[in-house]
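Each chain, letter by letter, is given below.
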Amino acid sequence: MSIALYAIADEYRHSLYDIQSALEDVEIDDEAKQSMIVDTLSDIKDNFEIKALNVASFIANLKLEALAVKTAEQRIIQRRRSLERQVEWLTEYLFCQLQKMDLNKLSNEQLTLSIRNNPAKVIISNKDAIPDQFKEIETTTKVLKSSIATAIKSGESIAGVHLESSQRLDIK
């Protein structure tokens with residue numbers, strides 16, 4: 001039966017607390033108390049360390065698998081883009097050849113090809129010459145987090161923000 005990592009950690013904490021509580025009333029020197037605690041908890045700690053390293057190995061394997069999937073994704077994206085460029089090129093090629101042959105419509109049982117007029121589109125040749133009634137002003141705000149962090153670290157107080165530290169597990 002496999003015990004979960006969190007269960008081992010809880011068992012370790014509870015055992016440590018129980019041992020310390022039991023030894024509070026016993027009249028022995030601190031070195032002997034320490035030796036008793038270490039002996040009692042060593043098996044639990046060994047189990048925890050083995051389990052923790054196994055979990056870390058599993059994480060490392062998942063990272064490798066994720067990297068393999070990412071590589072496959074990139075290849076698939078490149079393949080999709082290649083196919084899209086080929087479709088674009090062949091469509092333009094077919095369009096030009098139909099125009100050369102003066103064929104506006106061609107069909108069989110499966111497909112119908114037809115050359116159609118697109119709706120007119122606006123081509124902007126000079127943005128500055130366009131009257132203001134046809135313009136919309138967009139304003140964007142970007143918060144400069146790195147500048148804020150530098151300012152706070154140098155002792156400046158900035159309303160609405162604070163620095164927050166956290167920890168992470170690094171598996172190498």
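Residues numbered from 1 in each chain as written. Predicted model: local features only at pLDDT ≥ 70, side-chain atom pairs only at ≥ 80, totals over all residues. Heavy atoms only, no water.

## What to know about the overall build of the protein
When its secondary structure is counted, the protein shows three helices and two strands. Taken from the N to the C terminus, the helices and strands of the protein come in the order α-α-β-β-α. Relative to a compact globule of 172 residues, whose C-alpha radius of gyration would be 16 Å, the protein shows 35 Å and is clearly more extended. Summarising its shape, the C-alpha atoms of the protein cover approximately 105 × 55 × 25 Å along the three principal directions. (Helix = DSSP H or I, 4+ residues; strand = E, 2+ residues; numbered from the N terminus. Rg over C-alpha atoms; globule rule 2.2 N^0.38 Å.)

## Brief notes about the packing of aromatic side chains
For the structure on display, the rule yields one aromatic pair. Ring geometry for Trp89 versus Tyr93: centroids 5.3 Å apart, planes at 5°, classification stacked. Remark: Tyr93 and Trp89 occur in helix H2 (residues 30-100); sequence separation between them is four residues, near one turn of the helix. Relative accessible area serves as the criterion here: at 56%, Trp89 is assigned to the exposed category. (Phe/Tyr/Trp six-rings, centres within 6.5 Å; stacked < 30°, edge-to-face > 60°. Buried < 20%, exposed > 50% of the residue type's maximum accessible area, 1.4 Å probe, protein only.)

## Comments concerning the nonpolar core
Core analysis: the largest hydrophobic core is formed by six residues, namely Ile8, Ile19, Leu23, Ile37, Leu41 and Ile44. At the level of elements, helix H1 (5-24) and H2 are the ones that each hand at least two residues to this core. Setting aside anything within four residues of it in sequence, one finds Ile8 in contact with Ile3, Ile44, Asn47, Phe48 and Lys51. (Core = buried A, V, L, I, M, F, W, Y, C linked by side-chain atoms within 4.5 Å. Contact = heavy atoms within 4.5 Å.)

## With respect to H2
Every α-helical turn comprises 3.6 residues, leaving residues that sit three or four positions apart pointing alike. Here H2 spans 99 Å end to end across 71 residues, near enough to the 105 Å set by a 1.5 Å rise per residue. At Ser42, H2 shows its maximal kink, close to 40°. Those residues of H2 not exposed but buried are Lys33, Ile37, Leu41, Ile44, Ala56 and Leu98. In the stretch just after H2, Asp102 is the one whose phi turns positive, near 55°. (Expected span 1.5 Å × (residues − 1). Bend = angle between axes of the 7 residues up to and from the residue.)

## Structural notes on the layout of surface pockets
One number sums up the size of the largest pocket: a volume of about 220 Å³. In terms of lining residues, the largest pocket is bounded by Thr91, Leu94, Phe95, Leu98, Leu113, Ser114, Ile115, Arg116 and Asn118. For the lining of the largest pocket, the secondary structure elements donating two or more residues are H2 and strand E2 (112-114). If you tally residues by element for the lining of the largest pocket, the top one is H2, at four residues. A per-class count over the lining of the largest pocket returns five nonpolar, three polar and one charged. (1 Å grid on protein atoms, 1.4 Å probe; cavity = no way out; pocket = protein on both sides within 12 Å on 5 of 7 lines; lining within 4 Å. Points joined across faces, edges and corners; volume = space filled by probe spheres on them. Nonpolar A, V, L, I, M, F, W, Y, C, P; charged D, E, K, R; others polar.)

## Re the confidence of the model for the protein
Mean pLDDT for the protein: 85, with 97% of residues reaching 70 or above. The least confident element of the protein is H1, whose mean pLDDT is 73; the most confident is helix H3 (residues 145-153), at 93. (pLDDT = per-residue confidence, 0-100.)

## Describing the environment of Asp46
Topologically, Asp46 is positioned in helix H2. When its relative accessible area of 39% is taken as the criterion, Asp46 is described as partly exposed. A C-alpha to C-alpha distance of 58 Å links Asp46 and Arg85, two positions 39 residues apart in sequence.

## Here we look at the pattern of salt bridges
Evaluated as defined, the whole model comprises one salt bridge. The partner of Glu84 in a salt bridge is Arg80, with the nearest N and O atoms 3.0 Å apart. Linking Glu84 with Arg80, this pair stays in helix H2, spanning four residues, or about one helical turn. On the basis of relative accessibility, which here comes to 39%, the residue Arg80 falls in the partly exposed class. (Salt bridge = Lys/Arg side-chain N within 4 Å of Asp/Glu carboxyl O.)

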